[in-house]
Number of protein chains: 2
Amino acid sequence: MRTIYDHKALGQLIRQERKAQGLTQAELAALTGVGIRFLRELELGKENCRIGLAFQVIRALGLVLEARGRGESA
Amino acid sequence: MRTIYDHKALGQLIRQERKAQGLTQAELAALTGVGIRFLRELELGKENCRIGLAFQVIRALGLVLEARGRGESA
DNA sequence: ATTGAATAGTCCCGATCGGGTCGTTTTATT
DNA sequence: AATAAAACGACCCGATCGGGACTATTCAAT
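Throughout this description, residue numbers start from 1 for each chain and increase along the sequence as written. All chains are assigned letters beginning with A, and all ligands numbers beginning with 1, in the order in which they are written. Residues qualify for local features only when their pLDDT is at least 70, as the model is predicted, and side-chain atom pairs are given and counted only at 80 or more; totals for whole chains, interfaces and linings, by contrast, use all residues. With hydrogens and water stripped out, all remaining heavy atoms of the structure feed into the side-chain values.

(A) Highlighting the overall build of chain A. Each helix is a run of DSSP H or I of at least 4 residues and each strand a run of E of at least 2, with the numbering of both proceeding from the N terminus. A count of helical and extended segments in chain A gives four helices and two strands. Only the C-alpha atoms count toward the radius of gyration. The rule for a globule is 2.2 Å times the residue count to the power 0.38. Relative to its length of 74 residues, chain A is compact, with a C-alpha radius of gyration of 13 Å against a globular reference of 11 Å. Considering chain A as a whole, with its 74 residues, one finds that 50% of them fall into the buried category. His is not counted, nor are the chain ends, whereas Lys and Arg count as positive and Asp and Glu as negative. In this description, the location of a charge corresponds to atom NZ of lysine, CZ of arginine, CG of aspartate or CD of glutamate. Of the charged side chains in chain A, 12 are positive and 8 negative; the average position of the first set lies 5 Å away from that of the second. Only protein chains enter the accessibility calculation, which uses a 1.4 Å probe; a residue whose area is less than 20% of its type maximum is buried, one above 50% is exposed, and one in between is partly exposed.

(B) How the structure looks around the protein's contact with DNA strand D. Note on terminology: near, applied to a residue and a molecule or strand, indicates that one of the residue's heavy atoms is within 4 Å of it. Within the structure, DNA strand D sits among 16 residues, and A:Arg37, A:Phe38, A:Arg50, B:Arg15 and B:Arg18 are positioned closest to it. At 2.8 Å from a phosphate oxygen of DNA strand D is found a main-chain nitrogen or oxygen belonging to A:Gly35. Within the side chain of A:Arg37, a nitrogen or oxygen atom sits 2.4 Å from a base nitrogen of DNA strand D. Among the elements of the structure, α3 (36-43) of chain A together with α1 (7-20) and α3 (36-43) of chain B are those that each provide at least two residues to the surface near DNA strand D. The class makeup of the residues in the surface near DNA strand D is four nonpolar, four polar and eight charged. Pairs of N or O atoms are called polar contacts if they sit within 3.5 Å, as long as, within protein, a hydrogen donor faces a hydrogen acceptor (for residues adjacent in sequence, only side-chain-to-side-chain pairs). Side-chain classes follow a simple rule in which Ala, Val, Leu, Ile, Met, Phe, Trp, Tyr, Cys and Pro form the nonpolar group, Asp, Glu, Lys and Arg form the charged group, and the remainder, Gly included, forms the polar group.

(C) Local environment of the interface of chain A and chain B. What makes two residues a contact is simply this: any of their non-hydrogen atoms within 4.5 Å. Listed by partner, the interface residues are 32 residues for chain A and 32 residues for chain B. Take the accessible area each of two parts loses on contact, using a 1.4 Å probe, and add the two losses: that sum is the buried area. Interface area, chain A with chain B, both sides summed: about 3100 Å², of which 57% is carbon and sulfur. When a carboxyl oxygen of Asp or Glu is within 4 Å of a side-chain nitrogen of Lys or Arg, the pair counts as a salt bridge. Our count for the contact surface shared by chain A and chain B stands at two salt bridges. A salt bridge links B:Arg68 to A:Glu66; the nearest nitrogen and oxygen atoms lie 3.1 Å apart. Across the chain A-chain B interface, the total number found is 19 residue pairs in polar contact (both at pLDDT 80 or more). Secondary structure elements with two or more residues in the side of chain A that touches chain B: β1 (2-4), α1 (7-20), α4 (51-60) and β2 (63-69) of chain A. Of the residues forming the side of chain A that touches chain B, the biggest block, seven residues, is contributed by β2(A). By residue class, the composition of the side of chain A that touches chain B is 16 nonpolar, six polar and ten charged. Paired strands, as defined in this entry, are two strands with at least two bridges between them according to DSSP. Relative to strand β1 (residues 2-4) of chain B, β2(A) runs antiparallel, the two being bridged by three bridges. By the bridge assignment, A:Ala67 is partnered in β1(B) with B:Arg2.

(D) Geometry of the confidence of the model for chain A. The predictor rates its confidence in each residue with pLDDT, a number between 0 and 100. Counting all residues, the mean pLDDT for chain A is 93, and 97% of those residues have values of 70 or more. When the elements of chain A are averaged for pLDDT, β2(A) gives the smallest value, 93, and α3(A) the largest, 97.

(E) Looking closely at the relation of the copies chain A and chain B. Here the copies were fitted onto each other by least squares, based on C-alpha atoms from residues at pLDDT of at least 70 in both. You can overlay chain A on chain B at an RMSD of 0.0 Å; the transform is a turn of 180 degrees with a shift of 0.0 Å along its axis. Here the copies are linked by what is in effect a two-fold axis. A symmetric contact is evident, with 100% of the interface residues of chain A recurring at the interface of chain B.

Here it is, written out as structure tokens:
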């Protein structure tokens, strides 16, 4: 379980997961239906990308996002 | 703990948390430094908004996002 | 060290976002 | 039911995204 505090952390996570699955950026991009450049910038922590596309990638990788309030216990 | 499978779920969560904290959209928008319209559309599950702004809102609300691989146990 | 793959950076351009605001609709309170 | 507040939808417009392609750079493996 990994905490995602911002878009950079998200990019790192995506890259890590992509590599863990043995995919290249081009392959994942094709799989996900987004452009290679988008994926690259997402992994590099681009400040502003479209969240819909980001979620497509997240789901394509089989990642699960969970949220809780600050105080809320896991 | 709540699973965020897409941008709609994220919007719902944000709205719920905003209300739980007794804030109006205008107040939260001002607090966060985003436009009211952006916040509104984010809560309504706009497909494509800038992820950087979304994270600003998430942090402003004190929400914590966590991610794990599909198989990974919590 | 060499070689090929993977990633990063840049180009142009159409498509869309996000800003504020005004008018309308929904929700809440009394 | 009446009133006020909050949320929604639409408007215009400048700013930026995201697409593919092409080159340069980094990386891994032999």
